[in-house]
Structures are given as C-alpha cells and as structure tokens.
Amino acid sequence: MGLDSQNDGFVVFDRVQKSYDGETLVVKDLNLSIGKGEFMTMLGPSGSGKTTCLMMLAGFETATFGEITLDGRPINNIPPHKRGIGMVFQNYALFPHMTVGENLSFPLEVRGMGKAEREKKVQRALDMVQMGSFTGRRPAQLSGGQQQRIALARALVFEPEVILMDEPLGALDKNLRERMQYEIKHIHANLGVTVVYVTHDQSEALTMSDRVAVFDDGRIQQLASPDDLYERPENAFVAAFIGENNTLRGKVSGIDGEICHVKLKDGSMVKSLRVNVEGDGVETTLSLRPERVTISPAEGSADNIFGAEVKELIYLGDHIRVRMDVCGNDEFVVKIPNATGNRRLKVGEKLNIGWAYQDCRALDPS
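Residues numbered from 1 in each chain as written. Predicted model: local features only at pLDDT ≥ 70, side-chain atom pairs only at ≥ 80, totals over all residues. Heavy atoms only, no water.

Visitor: Quick question: what am I supposed to make of the overall build of the protein here?
Guide: Of regular secondary structure, the protein possesses eight helices and 20 strands. Dimensions of the protein, computed from C-alpha atoms along their principal axes, come out at roughly 75 × 50 × 40 Å. Classification of the 366 residues of the protein by burial places 49% in the buried group. Pairs at least 24 apart in sequence give 67% of the contacts found in the protein among residues at least 6 apart. Just so you have it, the protein exposes about 17,300 Å², and 47% of that area is on carbon and sulfur atoms. (Helix = DSSP H or I, 4+ residues; strand = E, 2+ residues; numbered from the N terminus. Buried < 20%, exposed > 50% of the residue type's maximum accessible area, 1.4 Å probe, protein only. Contact = heavy atoms within 4.5 Å. Areas by Shrake-Rupley, 256 points an atom, 1.4 Å probe, with all protein chains shown as cover.)

Structure representation (structure tokens):
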C-alpha cells in the first residue's frame, strides 16, 4: 500500500539508541517512521535489536537516547498500560485461571468499561478470530493455535491504535502458521490498525508486510517493500538473509556505466549490475537468485554463460533444487520448475548455464 505523507509519521523512532550495560549499543541510532494503518515488520537474526525496538515501543524497555512518538506524542515517559497499544507474544500470556471471556474482558475492566459494553466487545473480538463459541473455555482446554487466536483477540478487544506482535506464530506448526499469517493479514486489512511485527522468519515477513525493516547489528540494513527487498537487495547481508541466494566473490576489474565487470577467484569474468561497489580493484560479493539462472541457454541469449557440473538434485514438489559446481563454487544453486517439458538432469552431468547481468548484483564485500 502507498503511504501518503500526512500518514507517514504515526509511530516514529528518532535517533533511538539502547544499551543495557552503558557500553555496548544493542540498538544504534535508529530512525524509523511507520505510517498509520501500515503493517511494518522488523526482521533479523537473534540479537539484531528488533525485539528491543518493539519492547521500547511497548514501554517495557526505556530508550537510552532519542525519542519515540506515537501520533505526534512523545511516549518515552508514558507507562505501558497508558500507551493504548495491544501486544501479542509467542507464549500467548493468557491467564490460566480465567475463561476465554474473562481473559478478554480483563483489559476492558481495567479501563473502567461497563459490563454490557464489555460483553459486546468481547464477542466482536472473538468473532473476528473465529472463536465466537469459546467464551466459557479455559486456556488449558484449547490447542496452541486456538490459544494464539485468543491472544490476538485480547490484543484487539480494546480497539488499540497499534498492535505489536513478537514472534506470535513461532510455536505453531508450519501449516497452522501459514494459515494464521493470512488471517492476521486479513484482520489487519479489515481493521486498518497499525501493526508492528517482529520475526526472524523471512518468508513470514515477505508474506504479511507492507514494508520490512531488515535489522542486523543494531541497525536497519534496508527498509523496503517485500518485493524490493527480494529483487533489489542493497547489501550482501540483505541479499543473503532474504530468500535463497548464490554468492560469488571477486574483484572489480572495470566499470562501464551500470555494468560492473568482476573477476572471480578462478579467473572467470562476470558481467553484473553495479549496486554497492566503490570502484576498480575493490572486492565485491555478487548476488544472484537461483530462479534467475537458465539451463543450457541459447547462444547469445545470456550476458553470462559458464560451464557447470550437476552435484546434487533435491526434489521439492513444485521445483527441483539443483546444486552445481560453477566458477569454482560447488554450492551454486539453480531452481528448475517441475513442469512438463523440462528435461531431467542427472548427477555428474556437464552443461552450460547462463544469466542476465541485471540479475547479478555487485554488492559490498560482506
């Protein structure tokens, strides 16, 4: 979705830093602006700073430096329960001694809401997550997926402006997790609530988000839409972290406009797209997606053509993952759709592969 400028600063991190010991910064000079109604995901490996950012927004951690604002109001000194923010955690955090209805009613009671209105809101939130008939059950009588739905309903029940989700689907099995991804996405679309979501699962981030902030080492490495992150990574970390990626290392031997000529360690010369290289003679990492590689390209149809040897074939249903030895790299992967008419390869087979220079991005040395 496009954000118009008036919406573009609903949640703002302004030069935010966080240190737990006064020496090491776990979040370094974070500037991030989240639009009203946006689904923003903070994605990164463990220890990259993403959860700390979420906890500072929730009010469970305090920024060491900088300011966080919500709808123009500085919230650094506002306690968590007064920020009007809903939270969903991985471990559900439901009260075991309360029924589902009581769990949902609790945040409304705390806000001094009358019984009739509470019941109406509880029912509406439960219907939203397709759990309308579970009011009288206790958490122990529910499956993991059902408990997560109740936790989501509880975060929605008081109609917060922002919902924070910290790895909410991490404990669910793959099929249920995928189903819940779509459900959360649909609830977001229907309510127009602002969602800030934390995960280390890249496919989850790509499936659900309007924009994704990729964290590493306490900083945002790239902030972009899912397709931009995948198709146009700006550095070697993002290229490797998002989706599968072939990495070839070499030195820049010449730059011709947007074309970067790179000499690999085995002497091969590769034409690539100049993205993040400073000039001649510098080390670079080339990034190439497996599905962008053509098997046995016709002569003149690809900017780069190299000999390859098939090392391993892995059948994955809708596609075959082929590991090859190419330009001295025996971890080079090509994905071939499992379609009628695609010829079957054999281990040990030698053939040519090719790709366009635009699909091969010359990035920092990583």
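Visitor: Can you walk me through the domain arrangement of the protein in this structure?
Guide: Often, the extent of an interface is quoted as the loss of accessible area on bringing the components together. The domain architecture assigned to the protein consists of domain 1 (11-232) and domain 2 (236-363). In this structure, domain 1 and domain 2 have C-alpha centres spaced 38 Å apart. Facing the 15 residues of domain 1 at the interface are 10 residues of domain 2. Across the domain 1/domain 2 interface, buried area totals approximately 1,100 Å², and carbon plus sulfur atoms make up 62% of it. Three residues, Q202, Y230 and E231, lead the burial of domain 1 against domain 2; their summed loss comes to 46% of the area buried on that side. In this assembly, domain 1 and domain 2 are joined by one salt bridge. Residues E231 and R292 are paired through a salt bridge, measuring 2.6 Å at the closest nitrogen-oxygen approach. (Domains from an automatic or database assignment. Buried area = accessible area lost by both parts, 1.4 Å probe. Salt bridge = Lys/Arg side-chain N within 4 Å of Asp/Glu carboxyl O.)

Visitor: Whenever I open this one, the pattern of salt bridges confuses me. Can you help?
Guide: Counted under the stated rule, the structure contains 18 salt bridges. For the salt bridge of D14 with R15, the shortest nitrogen-to-oxygen distance reads 3.6 Å. Accessibility expressed as a relative area gives 32% for D14, which makes it partly exposed. Linking K174 and E178 is a salt bridge whose minimum nitrogen-to-oxygen distance equals 2.9 Å. Within this pair, K174 and its partner E178 are both found in helix α5 (residues 174-191), separated by four residues, close to a single helical turn. Its relative accessible area of 54% is what places K174 among the exposed residues. Since its relative accessible area comes to 34%, E178 is described here as partly exposed. Salt bridges sharing partners connect three or more residues here, namely E117, K121, R124 and E159.

Visitor: What's the story with the packing of helix α2 (residues 100-110) against helix α3 (residues 115-128) in this structure? I'm lost.
Guide: Helix packing for two helices is described by the angle between their axes and how far apart those axes are. The geometry of α2 relative to α3 is characterised by a closest axis approach of 9 Å and an angle of 120° between their N-to-C directions. One finds that α2 runs oblique with respect to α3. Between α2 and α3 lies a crossing whose hand is right-handed. Contacts between α2 and α3 involve V100, G101, L104, S105, L108 and E109 from the first element and R118, K121, V122, A125 and L126 from the second. The residue inventory of the contact of α2 with α3, partitioned by class, reads six nonpolar, two polar and three charged. (Axes fitted to C-alpha atoms, helices over the stretch in contact; angles between N-to-C directions. Parallel < 35°, antiparallel > 145°, perpendicular 65-115°, else oblique. Left-handed = near helix turned anticlockwise from the far one by under 90°. Nonpolar A, V, L, I, M, F, W, Y, C, P; charged D, E, K, R; others polar.)

Visitor: Can you walk me through the sheet that holds strand β3 (residues 39-43) in this structure?
Guide: For sheets, the rule is that strands pair by backbone hydrogen bonds, running either parallel or antiparallel. Taken together, six strands build an open sheet; the order of strands is β6-β7-β8-β3-β9-β10 and the sheet is mixed. Every other strand in the sheet has two partners, leaving β6 (85-88) and β10 (219-224) as the edge strands with one partner each. When strand polarity is set aside, the average angle formed by the axes of neighbouring strands in this sheet is 20°. Strand direction decides the pairing type here: strand β7 (residues 162-166) and strand β8 (residues 194-199), joined by five bridges, are parallel. Looking at β8, one finds that L164 is bridged to V196. (Pairing = 2+ DSSP bridges.)

Visitor: Whenever I open this one, the packing of aromatic side chains confuses me. Can you help?
Guide: Describing an aromatic ring pair means giving the distance of the ring centres and the angle of the ring planes. Summed over the entire model, instances satisfying the criterion amount to six aromatic pairs. Both rings, one in F39 and one in Y197, keep their centres 5.6 Å apart while their planes meet at 35°; by these two values the pair is tilted. A residue pair is termed long-range when its members are at least 10 positions apart, and F39 in strand β3 and Y197 in strand β8 qualify at 158 residues. The residues F39 and Y197 share a single accessibility class, namely buried. Joined through ring pairs, the aromatic side chains of F306, F332 and W355 make up one cluster. (Phe/Tyr/Trp six-rings, centres within 6.5 Å; stacked < 30°, edge-to-face > 60°.)

Visitor: Hey, could you run me through the pairing of strand β14 (residues 283-288) in this one?
Guide: Regular strands show a simple pattern: their side chains alternate between the two faces of the sheet. Counted residue by residue, β14 has five buried out of six residues, so it is predominantly covered. For strand β11 (residues 246-256) and β14, the ladder comprises six bridges, and the chain directions are antiparallel. Bridging across to β14, G250 finds its partner in T284. Of the pairings in the sheet, the one linking β14 to strand β20 (residues 360-363) comprises four bridges and is antiparallel in character. Opposite S287, over in β20, you have R361 as the bridge partner.

Visitor: Looking at this model, I keep getting lost on the nonpolar core. Mind explaining?
Guide: Within soluble globular proteins, side chains that are nonpolar generally end up buried alongside one another. Counting residues in each nonpolar core, the largest one holds 34 residues, and the members touching the most others are L104, L126, I150, L152 and M165. For this core, the elements supplying multiple residues, two or more each, are α2, α3, α4 (144-156), β7, α5 and β8. Counting residues per element, this core draws most heavily on α4, which supplies six residues. The residues contacting L126, other than those within four sequence positions of it, are V100, L104, M131, G132, T135, I150 and A153. (Core = buried A, V, L, I, M, F, W, Y, C linked by side-chain atoms within 4.5 Å.)

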